Amino acid sequence: MTQRPHTLGVAVIGTGKMGADHVRRIEDVISGARVTAVVDVDADRAKAVAARVDGCTVHTDPAAAMAAADVDAVIVASPGPAHEAALLAAFEHDLPVLCEKPLTPDAAAALRVLEAEQGLGHRRVQVGFMRRYDAEYMKLKSLLETGQLGRPLMVHNRHRNVASPPGWTSEMLINDSVTHEMDVTRWLLGQEITAVTVLAPTPSGNAPDGIRDPQFVVFETDGGAVVDVEIYVNCGFGYQVQAEVVCERGTARVGDGHAMITHAAGRWGGIVAQDYIERFADAYDREVQAWVDATRRGEVIGPSAWDGYAVAAVCEASVRALQEGGRVPVDLVDRPALYAA
């Protein structure tokens, strides 16, 4: 692959909450890159973001930004349905891409992306599963790899949000939230998810009408592990992500959030993060810095398009399990050589 310039020129596609935060991150936090273009169908929103960056151009068409001479790499932070077209356009220019999850909203589209990337003969995509860059999850992964605790048997996950955004559906709890547990399960265990069951109690009184919240999702893996996920997106008190791995000779847990505990006025306690950007700020910084560093070396690392496809397939099985009930197998194609573990 071609070695990229010392300072990487990045086009950020999508200037909503996530895209704007990536622009801030590249300009103010990490090193080795600068934002040279932003893209959004809402030109005024894109102009407002670009106004904070010297020399940043504004586009409403991703392909036009990718054709610019000062664009060496791309961050895709647009809504999921727009990802496939943006990725295929990036492949036409052979540009490295950091694509926020989902890779695509469905497995069929993800397969098309896989086939197009294989046509290049090398990887170009890193998918934005940022928990792999969280300090606590990284320590957990390292511990499991030592084998000290023996074989992982079960994983318990809790994923809670203050409140669901307007317009959310029961299926979005899976496609937009549990998708992270799908990837982190595969990464921590080094195993594929083979089947899914979804259970749901009577919805919480905090949940908007028509939304089945909370849900209890159970994964089975090809390594014989069982994984559960409590997803509760209208808990009302904060944003929490926790995971406990139960192994043959011990357990390990992350996400308790014991950064600071106070004792005052007859009470003790701490602060619960209120959203994912606050909880995983360091992970996002570490993820984007790793992507920039690898791209400048002419490498592609991190979660691959295969990981994005596998999660899309698990999402489809999970939605079926939610809607139809019962245990639903996950249908995966054979893993291409380009994405060998």
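Note that the structure is a prediction, hence the values are computed from the model and not measured.

A look at the domain arrangement of the chain
The domain boundaries assigned to the chain delineate domain 1 (8-130 + 283-307) and domain 2 (147-276 + 325-339). Between domain 1 and domain 2, the contact holds 17 residues from the first and 15 residues from the second. Where domain 1 abuts domain 2, roughly 1,500 Å² becomes buried across the two surfaces, and 63% of that area is made up of carbon and sulfur atoms. Three residues stand out in domain 1 for area buried against domain 2, namely Lys101, Phe129 and Trp306, and they jointly supply 43% of the buried area on that side. Summed over the shared surface of domain 1 and domain 2, the number is one salt bridge. One salt bridge connects Arg186 with Asp307, and the closest N-O pair in it is separated by 3.0 Å. The interface formed by domain 1 and domain 2 includes four residue pairs in polar contact (both at pLDDT 80 or more). Looking at the side of domain 1 that touches domain 2, the elements with two or more residues in it are α1 (17-28), α5 (107-120) and α10 (305-324). Sort the elements by how many residues they give to the side of domain 1 that touches domain 2 and α5 lands first, with four residues. For the side of domain 1 that touches domain 2, the class distribution of residues is eight nonpolar, four polar and five charged.

A word on the UniProt feature "domain: Gfo/Idh/MocA-like oxidoreductase N-terminal" (unreviewed entry) in the chain
Per the UniProt record, the feature "domain: Gfo/Idh/MocA-like oxidoreductase N-terminal" (unreviewed entry) sits at residues 9-129. Across residues 9-129 one finds 40% helix and 22% strand; the C-alpha atoms that close the span lie 22 Å apart.

Some words on unusual backbone geometry
Residue Pro102 is reached from Lys101 by a cis peptide bond, and omega for that bond is 0°. Examined against the element boundaries, Pro102 turns out to sit in the loop between β5 (97-100) and α5. With an omega of 5°, the peptide bond running from Asp213 to Pro214 counts as cis. Within the fold, Pro214 resides in the loop between β8 (193-199) and β9 (215-221). One non-glycine residue, Asp94, lies in positive phi territory at about 55°. Among the secondary structure elements, Asp94 is positioned in the loop between α4 (83-92) and β5. The exposure class assigned to Asp94 is partly exposed, which follows from its relative accessible area of 26%.

With respect to the pairing of β5
Neither face of β5 is exposed, since Val97 and Cys99 on one face and Leu98 and Glu100 on the opposite face are all buried. In this view, the connection linking strand β4 (residues 73-76) to its parallel neighbour β5 by way of α4 has right-handed handedness. Relative to strand β6 (residues 125-128), β5 is paired through four bridges, and the arrangement is parallel. When the sheet's bridge partners are listed, Val97 is paired in β6 with Val125. Running through α5, the crossover from β5 to the neighbouring parallel element β6 is right-handed.

Points about α1
The α-helix winds at 3.6 residues per turn, so residues separated by three or four positions along the chain end up facing the same way. With twelve residues, α1 ought to run about 16 Å at 1.5 Å a step, and its terminal C-alpha atoms sit 16 Å apart, in line with that. Among the residues of α1, those classed as buried are Met18, Gly19, Ala20, Asp21, His22, Val23, Arg25 and Ile26.

A few points about the side chain of Asn161
Looking at where Asn161 falls in the secondary structure, it is placed in the loop between β7 (152-160) and α7 (170-189). Judged by its relative accessible area of 17%, Asn161 is buried. Discounting residues that sit within four places of it in the chain, Asn161 has contacts with Tyr232, Val233, Asn234, Cys235, Gly236, Gly238 and Tyr239.

Considering the packing of aromatic side chains
Following the criterion strictly, the structure yields two aromatic pairs and no others. Relative to Tyr309, the ring of Trp306 lies with its centre 5.2 Å away and its plane at 50°, an arrangement referred to as tilted. Linking Trp306 with Tyr309, this pair stays in helix α10, spanning three residues, or about one helical turn. When sorted by exposure, Trp306 lands in the same class as Tyr309, which is buried.

Digging into the packing of α7 against α10
Think of two packed helices as two axes; the pair is described by the angle between the axes and how far apart they sit. The geometry of α7 relative to α10 is characterised by a closest axis approach of 9 Å and an angle of 135° between their N-to-C directions. Judged by the angle between their axes, α7 and α10 are oblique. Along this stretch, α7 crosses α10, giving a crossing that reads as right-handed. Residue-level inspection shows Ser170, Glu171, Ile174, Asn175, Thr179, Met182, Asp183 and Arg186 of α7 in contact with α10, the latter providing Trp306, Asp307, Ala310, Val311, Val314, Cys315, Ser318, Val319, Leu322 and Gln323. Looking at the contact of α7 with α10 residue by residue, the class counts come to nine nonpolar, five polar and four charged.

Remarks on the sheet that holds strand β2 (residues 33-39)
Pairing is parallel across the open sheet formed by six strands, whose spatial order is β3-β2-β1-β4-β5-β6. With one partner strand each, in any of the chains shown, β3 (57-59) and β6 form the two edges of the open sheet. For this sheet the average axis-to-axis angle between neighbouring strands, irrespective of direction, equals 25°. Helix-sheet contacts for α4 involve β1 (8-13), β4, β5 and β6, and the interaxial angle to β5 is about 175°.

Some words on the sheet that holds β7
Pairing between the strands of a sheet is mediated by backbone hydrogen bonds and can be parallel or antiparallel. Here seven strands make up an open sheet; going across it, the order is β12-β11-β7-β10-β9-β8-β15 and the pairing mixed. Where the open sheet ends on each side, the last strands, each with one partner, are β12 (250-254) and β15 (327-329). Averaged over all pairs of adjacent strands, the angle between their axes in this sheet comes to 15°, without regard to strand direction. Here β7 runs beside strand β10 (residues 226-232); their pairing, made up of seven bridges, is parallel. The residue of β10 that forms the bridge with Arg160 is Tyr232. Taken strand by strand, α7 contacts β7, β8, β9, β10 and β11 (240-247), and its axis lies near 35° from that of β9. Against the sheet, α10 contacts β8, β9 and β15, and its axis sits at roughly 30° relative to β8.

Rules behind the numbers
Per chain, the residues get numbers from 1 upward, laid out in the order the sequence is written. Reporting of local features is limited, given that this is a predicted model, to residues whose pLDDT is at least 70; pairs of side-chain atoms are given and counted only at 80 or more, and all residues count toward the totals for whole chains, interfaces and linings. Values reported for side chains reflect all heavy atoms of the structure, with hydrogen atoms and water molecules removed beforehand. Residue ranges assigned to each domain were obtained from an automatic or database domain assignment. For this analysis, residues touch if any pair of their heavy atoms sits within 4.5 Å. The term buried area refers to how much accessible surface (probe radius 1.4 Å) is lost by two components on association, counted for both of them together. Any Lys or Arg side-chain nitrogen found within 4 Å of a carboxyl oxygen on Asp or Glu counts as a salt bridge. Pairs of N or O atoms are called polar contacts if they sit within 3.5 Å, as long as, within protein, a hydrogen donor faces a hydrogen acceptor (for residues adjacent in sequence, only side-chain-to-side-chain pairs). A run of H or I in DSSP becomes a helix once it reaches four residues, and a run of E becomes a strand once it reaches two; helices and strands are each numbered from the N terminus. As a working rule, the residues Ala, Val, Leu, Ile, Met, Phe, Trp, Tyr, Cys and Pro are called nonpolar, Asp, Glu, Lys and Arg charged, and the rest polar, with Gly in that last group. UniProt positions are given in the numbering used here, feature names are shortened, and annotations may be inferred rather than shown by experiment. Here's how the labels work: a residue is buried when its accessible area is under 20% of the maximum for its type, exposed when over 50%, partly exposed in between, all with a 1.4 Å probe on protein chains only. We call a crossover right-handed when, viewed with the strands running away from us, the connection from the first strand over the helix to the second turns clockwise. When DSSP finds two or more bridges between a pair of strands, those strands are recorded as paired. Multiply 1.5 Å by the residue count of a helix minus one, and that product is the helix's expected span. For Phe, Tyr and Trp, where Trp contributes only its six-membered ring, two rings pair if their centres lie within 6.5 Å, and the inter-plane angle classes them as stacked under 30 degrees, edge-to-face over 60, or tilted in between. Interaxial angle, 0 to 180 degrees, is taken between N-to-C directions of lines fitted to C-alpha atoms, where a helix line uses only the stretch in contact. Throughout, the term roughly parallel applies to angles under 35 degrees, roughly antiparallel to angles over 145, roughly perpendicular to angles from 65 to 115, and oblique to all others. We call a crossing left-handed when the near helix sits turned anticlockwise from the far one by less than a right angle, and right-handed when that turn is clockwise.

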